[in-house]
Amino acid sequence: FVVSALIGVLSSGLEAKIAELRKGRSRVLETGHTIILNWSPSIVDIISELAVANIGRKGSRVVILADRDKVEMEDEIAAKDPKLHGMRVIVRSGDPCTLNDLAIVNPDAAKSIIVLAPEGDDPDAQVIKTLLAITNGPARRAEPYDIVAEIRDGSNADLARTVGGAEVQLVLADELISRILVQSTRQSGLSAVFSELLGF
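The present account deals with the structure reproduced in this document. (Residues numbered from 1 in each chain as written. Predicted model: local features only at pLDDT ≥ 70, side-chain atom pairs only at ≥ 80, totals over all residues. Heavy atoms only, no water.)

Let us now look at the overall build of the protein chain. Helix and strand counts for the protein chain come out as 8 helices and 6 strands. With the C-alpha coordinates aligned to their principal axes, the bounding extent of the protein chain is approximately 80 × 40 × 35 Å. Considering only contacts within the protein chain whose residues lie at least 6 apart along the sequence, 71% involve residues at least 24 apart. Accessible surface computed for the protein chain: about 11700 Å², of which carbon and sulfur atoms make up 56%. Placing the 22 positive and 28 negative side-chain charges of the protein chain at their respective mean positions leaves the two points 6 Å apart. (Helix = DSSP H or I, 4+ residues; strand = E, 2+ residues; numbered from the N terminus. Contact = heavy atoms within 4.5 Å. Areas by Shrake-Rupley, 256 points an atom, 1.4 Å probe, with all protein chains shown as cover. Lys, Arg positive; Asp, Glu negative; His and termini not counted. Charge placed at Lys NZ, Arg CZ, Asp CG, Glu CD.)

Below you can see the structure in the form of structure tokens.
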């Protein structure tokens, strides 16, 4: 009876722990990792480029934090099957605008942070809130962060620069893509030049 009771307690404890891990709420203990905040259709391409950038580096890690289900994110990444070249991808579920959720991915020990514009009605507001949470957190590290953020609307760029200061580099994604498309349609062969310049 005692042995069966002990087995029951251990079994229920393990099931609870596994269920908690599946939720993607455990703290990341990595250091020197790259963090990607928010979910975007281009996230798998970004992971692939990071994998190429980290070829030859042992123990390279990418940590993703987005307000989506952990299993869904892992399945979507696995379905597109990016070549990781030994790089490990860690997925966590949470709101990047919230300090408690942001602490899960250990930003103070990160090498770099990428803030993507999520899908939705006002993606730039989400990016700016995330930048505010990172750079103005009460327990932030003393040395500056290395942050790259995606902004959709150029009119929001000044506000994002004010919030992030010198720690943030902005990429005006929609404006950049629009210019490349127009120039490529006006000049034959220019798309191949852009592919060469913008590829890794």
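This paragraph deals with the nonpolar core. Among the nonpolar cores identified, the biggest contains 26 residues, and L37, I113, V115, L131, I134 and I147 are the most heavily contacted of them. Where this core is concerned, the elements lending two or more residues are β1 (34-37), β2 (61-66), β4 (112-115), α5 (123-135), β5 (147-151), α6 (157-164) and β6 (168-172). The dominant element in this core, judged by the number of residues it contributes, is α5, at 5 residues. Not counting the four nearest positions on each side in its chain, L37 is found in contact with L65, P96, L102, I113, I114, V115, L116, T130 and I134. One finds I36, I43, A51 and M87 within the second-largest nonpolar core, a separate group that totals 16 residues. (Core = buried A, V, L, I, M, F, W, Y, C linked by side-chain atoms within 4.5 Å. Buried < 20%, exposed > 50% of the residue type's maximum accessible area, 1.4 Å probe, protein only.)

For sheets, the rule is that strands pair by backbone hydrogen bonds, running either parallel or antiparallel. Strand order across the open sheet formed by 6 strands is β3-β2-β1-β4-β5-β6, with parallel pairing between neighbours. The sheet is open, and its two edges are formed by β3 (88-93) and β6, each paired on a single side. For this sheet, the mean angle separating the axes of adjacent strands, direction not counted, is 20°. In terms of strand pairing, β1 meets β2 through 4 bridges, oriented parallel. Opposite I35, over in β2, you have V63 as the bridge partner. Across the sheet, helix α7 (residues 173-186) touches β5 and β6, and the angle it forms with β6 is around 45°. (Pairing = 2+ DSSP bridges. Axes fitted to C-alpha atoms, helices over the stretch in contact; angles between N-to-C directions.)

Below, the discussion takes up the pairing of β5. Burial of β5 is extensive: 4 of the 5 residues sit out of reach of the surface. The pairing of β4 with β5 spans 3 bridges and is classified as parallel. Note on β5: the bridge partner recorded for V115 is A149. Viewed along the sheet, the connection from β4 through α5 into β5 turns out right-handed. Note: β5 against β6, 5 bridges, orientation parallel. Along β6, the bridge assignment pairs I151 with L172. Handedness of the β5-α6-β6 crossover: right-handed. (Right-handed = clockwise from strand over helix to strand, strands pointing away.)

Let's shift gears to the side chain of S112. Secondary-structure assignment places S112 in strand β4. The class for S112 is buried, based on a relative accessible area of 16%. Within polar-contact distance, the side chain of S112 engages the side chain of T34 at 3.3 Å. Look past the residues within four positions of S112 in its chain and what remains in contact with it is H33, T34, I35 and D146. (Polar contact = N/O pair within 3.5 Å; in protein donor to acceptor, adjacent residues only side chain to side chain.)

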